[in-house]
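Given next are the chains, with one letter for each unit.
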Amino acid sequence: MTKKITAIILILSASAALLHAGAAGTVRPITLDEAMARARARSVNASVALDRLRSAYWEYRTYRAELLPEVSFTATTPAYYKQYTPYQNPDGTYSFVRSNYMQINGEISVSQNIWLTGGKLSLNTSLDYLRQLDGDKTNRFMAIPVALTLNQPIFGVNSIKWDRKIEPVRYSEAKAEFLSATEEVAMTAINYYFNLLMARENVAISRQNLDNAVKLHEVAKEKRAMGRISENDLLQMELNVLEARSALTNAESNMKANMFQLRSFLDYGEEEELEPEVPEDVPQIELTYKDALEKAQAYNKFAKNLVRRQLEADYAIAKAKGDLRQIELFAQVGLTGTGNELRHGYEALKANQIVEVGVKIPLIDWGKRRGKVRVAESNRRVVENRLRQETQDFNQDLFILVERFNNQQQQLDIARRADSIARRRYSTNVETFLIGKISTLDLNDSQVKKDEARQQLINELYLFWNYYYQLRSLTLWNYATGTGIDADIEKILNELI
C-alpha cells in the first residue's frame with residue numbers, strides 16, 4: 001500500500017508540471033510582445049488608424065498647396081457660333097442680326113494667395129482668335145501679353161491667416177491620434193491575449209484537478225475498504241470527480257472562444273492554435289504624476305485638440321464680425337493688342353486697366369448679423385467652459401492612472417508570492433491527505449486557494465500591462481526606453497505616400 005501511495009504522489013507531482021500542456025494539433029507559441037507587434041501590423045483596427053492618418057496627411061498637403069503659387073491653363077478650342085442675336089440700332093430700336101464665326105482662346109495664369117492680407121494676386125497672359133465665316137471672312141486676334149490682377153477683401157476675415165494657425169495644429173493632432181490609436185490597438189491585443197492566457201490556465205488547472213480528483217478518488221475507495229474514511233468522504237471525492245469533469249468541459253469551451261477571438265484579431269489562420277506565454281518579466285518603473293502630466297501636455301492628442309477647438313471658436317467670431325460688411329477690391333493692369341494677324345496682336349500695345357470696388361453693407365437686417373456675432377461669442381464661452389472641464393477630468397484620470405500603475409507593481413509582487421505559497425500548500429496537503437492527516441474539506445480548500453492564486457496572478461499581470469499601455473497612450477512616451485513613441489512617425493508617413 002505504501003508503494004502505491006508513493007506512486008500516486010509521483011503522478012500528482014508530474015501532472016503539476018503539465019499546466020501548460022496544449023491540445024493536439026498545430027501549436028504556435030506566442031509572446032505578449034509578438035501579439036502586440038502583429039496587432040499593430042495586421043489587425044483591422046491598425047488599418048483603420050493608418051487610413052485616418054493617410055487622410056489627415058493629404059488634407060494637410062492640400063492646405064500647404066493652397067499657400068503655393070498655382071499655374072493653370074484654360075482654353076476653348078474651338079467654339080462655333082451660327083445664330084441670330086439682338087442688336088440695338090442707333091435710333092434705339094432692336095433688330096436681329098446673323099452671326100457666323102468660330103472662336104478659339106487660351107489663357108495661362110499664375111496665381112498666389114497673399115498670406116498677410118487674405119487676397120489673391122494673379123499674373124495672366126491670353127490670346128483670342130476669331131474667324132468670321134460670312135462676308136469678307138477675316139481673322140481677328142486679340143492678345144494680352146501680360147495682366148496683373150488683384151482680388152482683395154477689405155474688411156472680411158482673412159481665412160488664410162486662420163488656416164495657417166489651425167491646420168498645423170489639426171495635423172499634429174492627427175499624428176498624435178494615430179500614435180494613441182496604435183497604443184489602443186496594443187491594449188486590445190493585451191485584453192485578448194490575457195483572456196486566452198487565463199482560459200488556457202483554467203483548462204490546465206481543470207485538467208490537473210480532474211486528474212488529481214480521479215487519483216484521490218481511487219485512493220479514497222481503498223481507504224474506505226480498509227475503514228479509514230467514512231462513506232460521506234468517499235461520496236465527496238466522487239462528487240469532486242464529477243465537478244472537475246464539468247469544470248474542464250466549460251474551461252475548454254471558453255478557451256476555444258477566446259482562441260478564435262485572438263486569432264481573428266491577429267489575422268492568423270483557423271488551423272493555428274496559439275499558446276500564449278506568461279509575461280513574467282515586467283519593466284520596473286516609478287512614475288510621478290507631474291512627469292506624466294508634462295509629457296501628456298506636450299505630446300497627447302487631447303492637448304492639441306484643446307488648442308484647435310479654441311482656435312476654431314476664435315475663428316468663428318472673426319468670421320461673423322467680417323460678415324457685418326463686405327467690401328472687395330478688384331484691380332487689373334496690363335497691356336492689350338489687336339490685329340488681323342497674330343504678330344499684330346503683340347504690336348502697338350495699349351494699356352488695359354480695370355479698378356472695381358464692390359460694397360455690400362446691410363442697412364436694415366434686424367440685427368441678424370450682430371446676432372451671429374453674439375452666437376459665436378456665446379459658443380466660444382461654451383467651448384472654453386467645456387475645455388476647462390475636460391482638462392480637469394483628463395488631469396484627474398491621469399492622476400488616478402499613475403497611482404494605480406505604481407500600486408499595481410506592488411500588487412503583482414504580492415500575487416507572485418501568494419501563487420508560490422498556494423502551490424506549495426496544496427502539494428503539502430495532497431501528501432498529508434494521502435496519509436490521512438487532513439479531511440477532504442481541507443484538501444478542497446487548498447485546491448481552491450491554489451487555483452484562485454494562479455488566476456489572481458494572471459489578472460494582476462493583465463492589469464499591469466493594461467495600465468502601462470494606457471499611460472503610453474496618454475503620454476506617447478516609452479518609459480522602458482525613455483524615448484517618445486513618435487520617433488518613426490515620419491517613416492510611416494513616407495510609406496503611406
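Going by the structure above, here's the rest.
Counting restarts for each chain, with residues numbered from 1 along the sequence as it is written. The predicted origin of the model limits local features to residues at a pLDDT of at least 70 and limits the giving and counting of side-chain atom pairs to 80 or more, whereas totals for whole chains, interfaces and linings rest on all residues. Water and hydrogen atoms play no part in the side-chain values, which are based on all heavy atoms of the structure.

## Some thoughts on the overall build of the chain
Per the secondary structure count, the chain includes 10 helices and 10 strands. For the chain, the C-alpha radius of gyration of 40 Å lies well beyond 23 Å, the compact-globule estimate for 497 residues. Expressed as a percentage of its 497 residues, the buried residues of the chain come to 39%. We call two residues in contact whenever any of their non-hydrogen atoms come within 4.5 Å of each other. Looking at the chain alone, contacts between residues at least 24 apart form 78% of all its contacts between residues at least 6 apart. Of the roughly 28300 Å² of accessible surface on the chain, 53% is carried by carbon and sulfur atoms. Residues scored as positive are Lys and Arg, those scored as negative are Asp and Glu, and His as well as the terminal groups of each chain are ignored. By convention, the charge on Lys lies at NZ, on Arg at CZ, on Asp at CG and on Glu at CD. Averaging the coordinates of the 64 positive side-chain charges in the chain and doing the same for the 64 negative ones gives two points 4 Å apart. By definition, any uninterrupted DSSP run of H or I lasting at least four residues is a helix, any uninterrupted run of E lasting at least two residues is a strand, and each is numbered from the N terminus. Each radius of gyration is computed over the set of C-alpha atoms, and the globule rule expresses the reference value as 2.2 Å times the number of residues to the power 0.38. Residue exposure (1.4 Å probe, protein chains only): buried if accessible area is under 20% of the type maximum, exposed if over 50%, otherwise partly exposed. Residue burial considers only the protein chains on display, and all accessible areas are found by Shrake-Rupley using a 1.4 Å probe.

## A look at the packing of helix α4 (residues 159–225) against helix α8 (residues 368–434)
The angle between two axes is taken between their N-to-C directions and runs from 0 to 180 degrees, where each axis is a line fitted to C-alpha atoms and a helix contributes only its stretch in contact. Packing of α4 against α8 brings their axes to within 11 Å, and their N-to-C directions diverge by 20 degrees. Taken together, the axes of α4 and α8 are roughly parallel relative to one another. In this structure, α4 uses Asn 212, Leu 216, Val 219 and Lys 223 to contact α8, whose residues at the interface are Tyr 426, Phe 433 and Leu 434. Per-class residue counts for the contact of α4 with α8 are five nonpolar, one polar and one charged. The labels follow the angle: roughly parallel below 35 degrees, roughly antiparallel above 145, roughly perpendicular from 65 to 115, and oblique for the rest. Think of it as three bins: nonpolar holds Ala, Val, Leu, Ile, Met, Phe, Trp, Tyr, Cys and Pro, charged holds Asp, Glu, Lys and Arg, and polar takes everything else, Gly as well.

## Structural notes on unusual backbone geometry
A cis amide bond links Thr 77 to the next residue, Pro 78, at an omega of -15 degrees. Of note in the backbone geometry, Asp 267 takes a positive phi value of approximately 65 degrees without being a glycine. Tracing the backbone shows Asp 267 in the loop between α5 (231–265) and β6 (273–276). Of note in the backbone geometry, Leu 476 takes a positive phi value of approximately 50 degrees without being a glycine. Within the secondary structure layout, Leu 476 lies in the loop between α9 (440–475) and β9 (477–478).

## Some thoughts on helix α6 (residues 289–299)
For α6, every residue scored as buried is listed here: Ala 292, Leu 293, Lys 295 and Ala 296. One face of α6 carries all of its buried residues, which in axial projection span an arc of 165 degrees. Think of it as the arc spanned by the lines of direction from the helix axis to the C-beta atoms.

Any functional reading would require information that these geometric values do not contain.
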